[in-house]
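# Structure assessment
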Amino acid sequence: MSEGAVKKEEKPRRFQAIRGTRDLLPPETSQWNSVEQTAHEIFTTFGFGEIRPPVFESTELFARSVGMDTDIVSKEMYTIPDGDIEHIYGLRRSLVEWEIKFGDFRDAELFLGLVVTLLTFIKQAHEDDLTQFEDVGMEALADLTSAAKDLSDLISASSDSKDTETWNRLISLVDRIRLASDRLEIGEDMSLRPEATASVCRSYIEHGMQQLPQPVKLYYMGPMFRRERPQKGRYRQFYQIGAEVLGGSDAPAIDAEVIEMVMMFFDRLELQGVQLDLNSIGCRECRPKYVELLRAELLKVKDKLGPDSQRRIETNPLRVLDSKLESEQGIIATLPRIADHLCEACATHYAAVKHQLERRGVFFRENWRLVRGLDYYMRTTFEITAQGLGSQNAVCGGGRYDGLVELLGGPPTKGIGFAIGEDRLILSLQESGKAPAQLGRDVYIAWMGERAHATAIRAAKDLRKAGFSVELPPVEQKFGKALGQADKLGAKHALILGDNEVSEGLWTLKTLADGSQAKYTESDLIEHLRKSKSLSS
Ligand code: HAM
């Protein structure tokens with residue numbers, strides 16, 4: 001049997017999309033395209049340009065910006081050590097963490113075995129020219145190689161004498177190996193992006209965008225990845241449409257205009273039940289004081305809180321305010337509110353943002369419990385909900401993140417932005433009855449006979465050039481069957497081409513909705529179709 005052939009009795013495995021991922025199919029994809037097209041149009045009118053960052057980045061980029069202790073980074077990221085490199089990472093980790101058992105030469109031999117395997121893998125990776133190995137840290141590699149040789153010599157020379165002195169020499173060689181392998185520079189972990197704000201800031205710094213006229217206004221759309229428990233409106237691969245304003249000032253009018261832009265977008269899409277929640281979570285000056293106050297208050301009621309909130313008292317007391325647990329709601333209502341503890345600058349900024357929103361006719365609800373689950377925020381935070389989404393009803397989240405660019409090694413830079421969950425946006429539109437447009441055809445060409453086929457191919461080409469969608473059956477069909485097929489595909493017209501039509505130079509066009517038909521010359525046909533399309537749209 002040829003390689004790759006499947007044995008008769010074995011049923012080939014049927015693959016399914018991985019849990020939490022899904023196929024977006026026509027006609028729904030046309031709705032996605034039209035939503036995205038509207039975003040391109042609206043964001044452009046606000047002076048935003050599109051950025052397309054990569055979907056994977058250094059893990060550390062997300063750890064530093066979104067925050068090590070957030071759920072997103074600590075539990076939900078898809079981190080990818082690259083192919084073979086995975087073994088090398090694993091081996092190195094084992095070496096660095098190896099606790100050698102005193103006096104156990106067998107253990108020392110196993111350790112040596114691991115070192116030799118690691119060196120073999122590195123040599124192979126070098127030969128395979130894996131980019132992570134372009135500069136592995138030659139000094140560390142030389143140290144590792146020579147220490148491994150010394151260890152091997154020592155083990156073979158001392159198979160009989162296992163005295164303390166031999167053992168001490170062996171331990172010091174093990175330490176040398178551990179240090180050297182720790183110093184090897186074997187690339188870095190990468191992660192599928194769980195969000196794109198960090199990437200946009202990285203890109204702003206990498207491309208020296210601070211030299212451009214400020215602020216720089218960028219938007220993006222594309223897939224994000226989080227290993228969350230899948231449910232309605234929550235996926236492991238989901239899509240965001242987002243925008244960021246970087247640099248320039250932190251004028252409250254910028255916050256308000258960014259929010260106005262999202263609201264205009266939702267308005268254009270006729271999204272239903274839109275509710276904007278607004279808050280200010282203070283700055284580096286006032287927030288830590290508020291967090292301490294909150295922690296102290298939470299400690300007083302610790303026993304009445306669930307395990308998640310109890311843990312968060314230590315790790316991130318603000319997140320307790322996010323709790324949806326019924327039994328905690330009464331307690332949370334009595335906690336101190338950040339609005340009463342903002343420093344003067346933050347209070348002034350917040351008041352001005354609200355004023356600027358009012359000026360733009362943007363309705364909002366203040367929500368002091370809105371803290372957001374990412375570490376980089378300060379001052380303005382907001383979230384937008386829409387109808388028909390059940391518990392996962394946040395369709396957009398955003399806020400100000402002055403200082404994030406600096407945290408990533410760039411100059412002090414102001415920043416604000418948002419991201420819309422596109423899956424949820426579409427779901428909400430569909431729940432409120434906005435069905436995707438059916439993927440019909442303008443013309444189905446029913447042809448019979450070889451001469452007619454040649455004409456049909458030419459007609460299809462001309463009609464498509466003129467922008468009509470055309471279905472051209474690849475094999476001859478009886479007219480009755482062809483018309484049935486045209487109907488099933490939702491075609492508006494059937495173009496009938498048989499021997500007669502070709503000889504006469506007059507083509508029959510049947511309108512499927514009412515069964516009427518008429519004859520046209522080739523040039524009149526396109527004109528007629530144009531008119532009928534513009535009438536129906
Ligand atoms: P986020 O709140 O984590 O913020 O996500 C924004 C939106 O993405 C959410 O409101 C939700 O609609 C959608 N979303 C999040 N996770 C999922 C999921 N698992 N399945 C489906 N949809 C989801 C951010 O990502 C920030 N980067 C927003 C931002 C931009 N802040 C400033 N600039």
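Rules used in this analysis
Residues numbered from 1 in each chain as written. Predicted model: local features only at pLDDT ≥ 70, side-chain atom pairs only at ≥ 80, totals over all residues. Heavy atoms only, no water. Buried < 20%, exposed > 50% of the residue type's maximum accessible area, 1.4 Å probe, protein only. Helix = DSSP H or I, 4+ residues; strand = E, 2+ residues; numbered from the N terminus. Pairing = 2+ DSSP bridges. Near = heavy atom within 4 Å. Polar contact = N/O pair within 3.5 Å; in protein donor to acceptor, adjacent residues only side chain to side chain. Areas by Shrake-Rupley, 256 points an atom, 1.4 Å probe, with all protein chains shown as cover. Domains from an automatic or database assignment.

## Considering the pairing of strand β12 (residues 443–447)
The element β12 is extensively covered by neighbouring structure, given that five of its five residues are classed as buried. Side chains of β12 alternate between two faces, with Val-443, Ile-445 and Trp-447 and Tyr-444 and Ala-446 buried alike. Where β12 lies against strand β13 (residues 470–471), two bridges are found, and the strand directions are parallel. What sits directly across from Tyr-444, in β13, is Glu-471. Sheet topology note: the β12/strand β14 (residues 493–497) ladder contains five bridges and is parallel. By the bridge assignment, Tyr-444 is partnered in β14 with Ala-494.

## Focus: the site of the ligand
Near the ligand lie 27 residues; those nearest to it are Glu-195, Glu-228, Glu-244, Tyr-377 and Ala-394. For the ligand, an oxygen atom lies 2.9 Å from a polar atom in the side chain of Arg-226. Side-chain polar atom of Tyr-377 to a nitrogen atom of the ligand: 2.6 Å apart, as the coordinates give it. Considered on its own, the ligand offers 660 Å² of accessible surface; in the complex 96% of this is hidden by protein. Listed by contribution, the elements that provide at least two residues to the shell around the ligand are β6 (237–246), β10 (394–400) and β11 (415–421).

## Points about the domain arrangement of the protein
In many analyses, interface size is given as the accessible surface area lost on bringing the parts together. In terms of domains, the protein is made up of domain 1 (28–76 + 191–286 + 342–431), domain 2 (83–183) and domain 3 (443–536). Between the C-alpha centres of domain 2 and domain 3 there is a distance of 74 Å.

## So, the pairing of β6
Taken across its 10 residues, β6 has eight buried, putting it largely inside the fold. As paired strands, strand β5 (residues 216–225) and β6 are joined by 10 bridges and run antiparallel to one another. The residue bridging Met-221 from the neighbouring strand is Ile-241, located in β6. Pairing of β6 with β11, which is carried by seven bridges, proceeds in the antiparallel orientation. Each bridged residue has a counterpart across the sheet, and for Gln-240 the counterpart in β11 is Gly-421.

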